[in-house]
Each structure stands twice: as C-alpha cells, then as structure tokens.
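Residue-level structure breakdown
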Amino acid sequence: MIIQSALLNRFSDVVFGFSGKAEGGYSAPFYWNMSLSVGDDADVVRANRKLFFERLGLSVERVALQKQVHGDVVAVRVSGGTEGETDAMVTNVPGLGLGISSADCTPIFIYDPVHKAIGAVHSGWKGTELKIVEKTFAVMNREYGTEAGDVFVYIGPSITQKNYEVGEEFLDKFPIKFFGRFEGKLLLDVAGINYAMLRDLGVPMQNIQHSTLCSYEFNHQCHSYRRDGITSGRALGVIALRG
C-alpha cells in the first residue's frame, strides 16, 4: 500500500508516496518494513525498497536517505544513497528522491513550485523542540530563494495527541496549548506544534495538508514504535521533482 497526498498530487512535476504497512507475506512481524536497522532481513528490506521506489518511478540509486538522529541538521543533497547523520534534506535536483523514515514521528514534505525545490523533514519531539522545520525553511531560502508563502506542505501519518503520552518534564519544552490530559495521562500534540510552526513561518493554511492517519491507531496501515515496540517496522515517505 502506498499512501498518497491529495495536495502534492495536484502538481505534475512532483512525485510522492508514503509506504504503508502490508501484511501479505512481507516479512512478519515487520510487514513491508523499509529500515535496515530494526532487525529485519536485509535482503527483504532491499527488495521492499526497490519495489516501493520503482512504483514511484524512481530507482534505488536515485533516492537520498539519511541516518536520522533526532537532531536539527539539514543536508543539501545532490545525489542518492545514505549520507550523514541528519534529520532533514533539501534539493532542487530533478529525479532525486528524498526519503524520510517514520514509525510515529512527524514526517513533513515541502514543495516550492516557484523555485522548483523540495524538502523532507523528520520531526520527532526532539526535532520539534529544536525547530527543525524552521531550520529547513532557512536552508531552502538560502539555497534556492524559497519563501514560505509559496510552498505546499504535506504532514504525513504520525502519532496523534490522544495516543502520545509524555512525562511532566515536557511541560517546560512546549507551549501549554499543545498539551492535553486524559485519565491522568499528559498528552502532547507533536504534529500540531509543527503545523503551528508552518503557519507562523507564513505558509498559507490552504497550502498545508495534515494527514488524518494516526500511525498508532491504524494497525493494518501504519508502522508504530509506540504500539509494536521492537517488532515495529519503519515506513518511508519519498518526495521528488519529476526528472
């Protein structure tokens, strides 16, 4: 299963897809896992990636990946393969995909139709605290002239607030409006914080699509580390400028 974005699909020069969780023989218990670091069979993972990329019209060699470390480093990419310990990538190279791994964290995909540039961001709570989305926009502005008012953004499937319990120490990290309480649990809206940052940067509301899929709840569609622990696979979201 490949999850699409109605917003990004409007543009003929954008390629996008987010891998779902398939249970039809794709290496239980990981189920169409895209990560080489969760204990899955490496040959199966490579086959999964190849199939996924080819369905998007991309080759393995033309997808840029990263070792995600929950930081705020943004890489400017001009070639495929896995490079660096970063959590966001940007490019203006046609035909080069940017791949974000996810299993609850907020994946964010940016398209600048004016300057023909794209960005892909992995923003867990640590990256959100470090404002990696803002830093990605700063890099895109520096490198390509991107302005927030021109871009279109897809916030992909991630864990929703009602399923994301955090400790009381988080109250010092984010504004109180992004917290809720239920049955004694403190709950944090990480995707909501990122949405608010996008709006504060100047991205028009109508230019943002926020997926309604909760990675934790949609067991048959999404990978979730909070739900499945060490048996959780990882999804990949890939955005590219059509070559």
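The structure we're discussing is the one just above.
So, here's what we can say about the structure. (Residues numbered from 1 in each chain as written. Predicted model: local features only at pLDDT ≥ 70, side-chain atom pairs only at ≥ 80, totals over all residues. Heavy atoms only, no water.)

The subject of this paragraph is the overall build of the chain. What the chain contains, in helices and strands, is 5 helices and 15 strands. Expected size for 243 residues packed as a compact globule is a radius of gyration near 18 Å; at 17 Å, the chain falls within 12% of this value. In terms of principal-axis extent, the alpha carbons of the chain reach across some 50 × 45 × 30 Å. Relative to its 243 residues, the chain shows a buried fraction of 53%. Restricting to contacts in the chain with at least 6 residues of sequence separation, those with at least 24 account for 62%. Accessible surface, the chain as shown: approximately 10,500 Å² in total, 51% of it carbon and sulfur. (Helix = DSSP H or I, 4+ residues; strand = E, 2+ residues; numbered from the N terminus. Rg over C-alpha atoms; globule rule 2.2 N^0.38 Å. Buried < 20%, exposed > 50% of the residue type's maximum accessible area, 1.4 Å probe, protein only. Contact = heavy atoms within 4.5 Å. Areas by Shrake-Rupley, 256 points an atom, 1.4 Å probe, with all protein chains shown as cover.)

One non-glycine residue, Y31, lies in the positive phi region at around 55°. Tracing the backbone shows Y31 in the loop between β2 (14-19) and α1 (42-55). One non-glycine residue, D104, adopts positive backbone phi at about 145°. One can find D104 in the loop between β7 (97-102) and β8 (106-112).

As a further point, take the side chain of S102. Along the polypeptide, S102 turns up in strand β7. The exposure class assigned to S102 is buried, which follows from its relative accessible area of 5%. Looking at S102, its side chain comes within polar contact range of the main-chain oxygen of C105, at 3.0 Å. (Polar contact = N/O pair within 3.5 Å; in protein donor to acceptor, adjacent residues only side chain to side chain.)

As a further point, take the state of the cysteines. Working definition of a disulfide: a covalent bond connecting the sulfur atoms of two cysteines. Under the defined criterion, the tally for this structure stands at 0 disulfides. Among the cysteines around C105, which has no disulfide bond, C214 carries the closest sulfur, lying 13 Å off. Left without a disulfide partner, C222 is nearest to the cysteine sulfur of C214, which lies 7.9 Å away. (Disulfide = S-S within 2.5 Å.)

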